[in-house]
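Listed below are the residues making up each chain.
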Amino acid sequence: MLRRRFRALRNSLQPTIQQANARAIANHLTRSFGLLRARTVAGYIAADGEVDLSSVFEELWRMNKTATLPVINPLSERLDFYRHAADRPLVRGRFDIPVPEVCAGYVPLLRIDLMLTPLVAFDAHGTRLGMGGGYYDRTLQSKPRRLRPFLLGVAHSCQQSTDVLPRQSWDIPLDGIVTELGISYFHQPQFRTIPEPLQLKQNVPG
């Protein structure tokens, strides 16, 4: 099963490699015009081997930008976003993932300029394989493409599938991907980055 295989691969990375990749990814992000131009950025709290964005949040706070985290809405099963501030503690949410308290401040999806999303695997066409809950897809489907935030996947380079991943009609493709190797876009980018874009592997069976 694809999801199980890539989750195992992600979790097999040594802690030192995980940390080095997170530092490199934070460096790429904080030097990118996409993040520099964004006023409000959605991130996530890492779990299950996902890339840690702690240093990215620290940079967002230093730059006086609004950082947000997703919270699953139990009625709609979509994601609501709440402000993630350095001086506010997080509480345990669904799946034991830390989330902001409701009093931290709700941020409408329309205000989010850049959304950093975790994933299990991705391919050279921007297809994202998530954990299977469909929360990001349902959330983003609620808005036409022109009103959605720029969707940037965050992953270790080993999470790229050399085979084309299956994509359903309701799946929302990534606009770009950032790994420890750099940032790459899957269509004409809305902004440029300072580092040279990474070259995604072509679809070679493997």
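Let us look at the structure shown here.

Criteria and thresholds
Residues numbered from 1 in each chain as written. Predicted model: local features only at pLDDT ≥ 70, side-chain atom pairs only at ≥ 80, totals over all residues. Heavy atoms only, no water. Helix = DSSP H or I, 4+ residues; strand = E, 2+ residues; numbered from the N terminus. Buried < 20%, exposed > 50% of the residue type's maximum accessible area, 1.4 Å probe, protein only. Contact = heavy atoms within 4.5 Å. Polar contact = N/O pair within 3.5 Å; in protein donor to acceptor, adjacent residues only side chain to side chain. Core = buried A, V, L, I, M, F, W, Y, C linked by side-chain atoms within 4.5 Å. Phe/Tyr/Trp six-rings, centres within 6.5 Å; stacked < 30°, edge-to-face > 60°. Pairing = 2+ DSSP bridges. Arc of directions from axis to C-beta. Expected span 1.5 Å × (residues − 1). 1 Å grid on protein atoms, 1.4 Å probe; cavity = no way out; pocket = protein on both sides within 12 Å on 5 of 7 lines; lining within 4 Å. Points joined across faces, edges and corners; volume = space filled by probe spheres on them. Nonpolar A, V, L, I, M, F, W, Y, C, P; charged D, E, K, R; others polar.

1. As for the environment of R167
Link 1 in the chain: In this fold, R167 is placed in the loop between β10 (150–154) and β11 (176–179).
Link 2 in the chain: When its relative accessible area of 40% is taken as the criterion, R167 is described as partly exposed.
Link 3 in the chain: For R167 and H125, which are 42 residues apart along the polypeptide, the C-alpha to C-alpha distance reads 10 Å.
Link 4 in the chain: Beyond its immediate stretch of four places on either side in the chain, R167 contacts H125, G126, T127 and P173.
Link 5 in the chain: Of note is the side chain of R167, whose polar atom sits 2.9 Å from the side chain of T127.

2. Describing the nonpolar core
Link 1 in the chain: By size, the foremost hydrophobic cluster in this structure holds 42 residues, and its most contacted members are L29, V56, L114, M115, L116, L152 and V154.
Link 2 in the chain: Counting residues in each nonpolar core, the second largest holds five residues, with F6, A121, L129 and L165 among its members.

3. A closer look at the packing of aromatic side chains
Link 1 in the chain: Counted by the stated rule, this structure contains three aromatic pairs.
Link 2 in the chain: Aromatic side chains F57 and W61 sit 6.3 Å apart centroid to centroid with 25° between the ring planes, which places their arrangement in the stacked category. Of this pair, F57 and W61 both sit in helix α4 (residues 54–62), separated by four residues, roughly a single helical turn.
Link 3 in the chain: Taking relative accessible area as the criterion, F57 reaches 4% and is therefore assigned buried.
Link 4 in the chain: Judged by its relative accessible area of 27%, W61 is partly exposed.

4. Quick look at the pairing of strand β12 (residues 182–185)
Link 1 in the chain: By the alternation rule, side chains of β12 split into G182 and S184 and I183 and Y185, which are all buried.
Link 2 in the chain: The pairing of β11 with β12 spans four bridges and is classified as antiparallel. Each residue of the ladder has a partner; that of V178, found in β12, is I183.

5. Here's the deal with α4
Link 1 in the chain: Every buried residue of α4 is listed here: V56, F57 and L60. Burial along α4 is one-sided: seen end-on, the buried residues are contained in an arc of 100°. For α4, exposure combined with an orientation more than 90 degrees from the buried face picks out E58 and R62.
Link 2 in the chain: Buried residues in α4 make contact with α2 (15–30), α3 (33–37), β1 (40–42), β2 (66–72) and β7 (114–117).
Link 3 in the chain: Within two residues after α4, N64 carries a phi angle of roughly 60°, on the positive side.

6. What to know about α2
Link 1 in the chain: Helix length check: α2 (16 residues) gives 22 Å between terminal C-alpha atoms against 22 Å at 1.5 Å per residue, within 8%.
Link 2 in the chain: Those residues of α2 lying buried are Q18, N21, A22, I25, A26, H28 and L29. All buried residues of α2 lie within an arc of 160° about the axis, which places them on one face of the element. Facing away from the buried surface of α2 by more than 90 degrees, the exposed residues are T16 and R23.

7. Comments concerning the layout of surface pockets
Link 1 in the chain: A volume near 870 Å³ is recorded for the largest pocket.
Link 2 in the chain: Along the walls of the largest pocket sit 39 residues, with R128, M131, G133, Y135 and Y136 positioned nearest its centre.
Link 3 in the chain: If you list the elements that add at least two residues to the lining of the largest pocket, you get α1 (2–11), β2, β5 (98–100), β9 (128–129) and α5 (135–141).
Link 4 in the chain: With four residues, β2 is the largest single contributor of residues to the lining of the largest pocket.
Link 5 in the chain: Here the lining of the largest pocket is built from residues that sort into 23 nonpolar, seven polar and nine charged.

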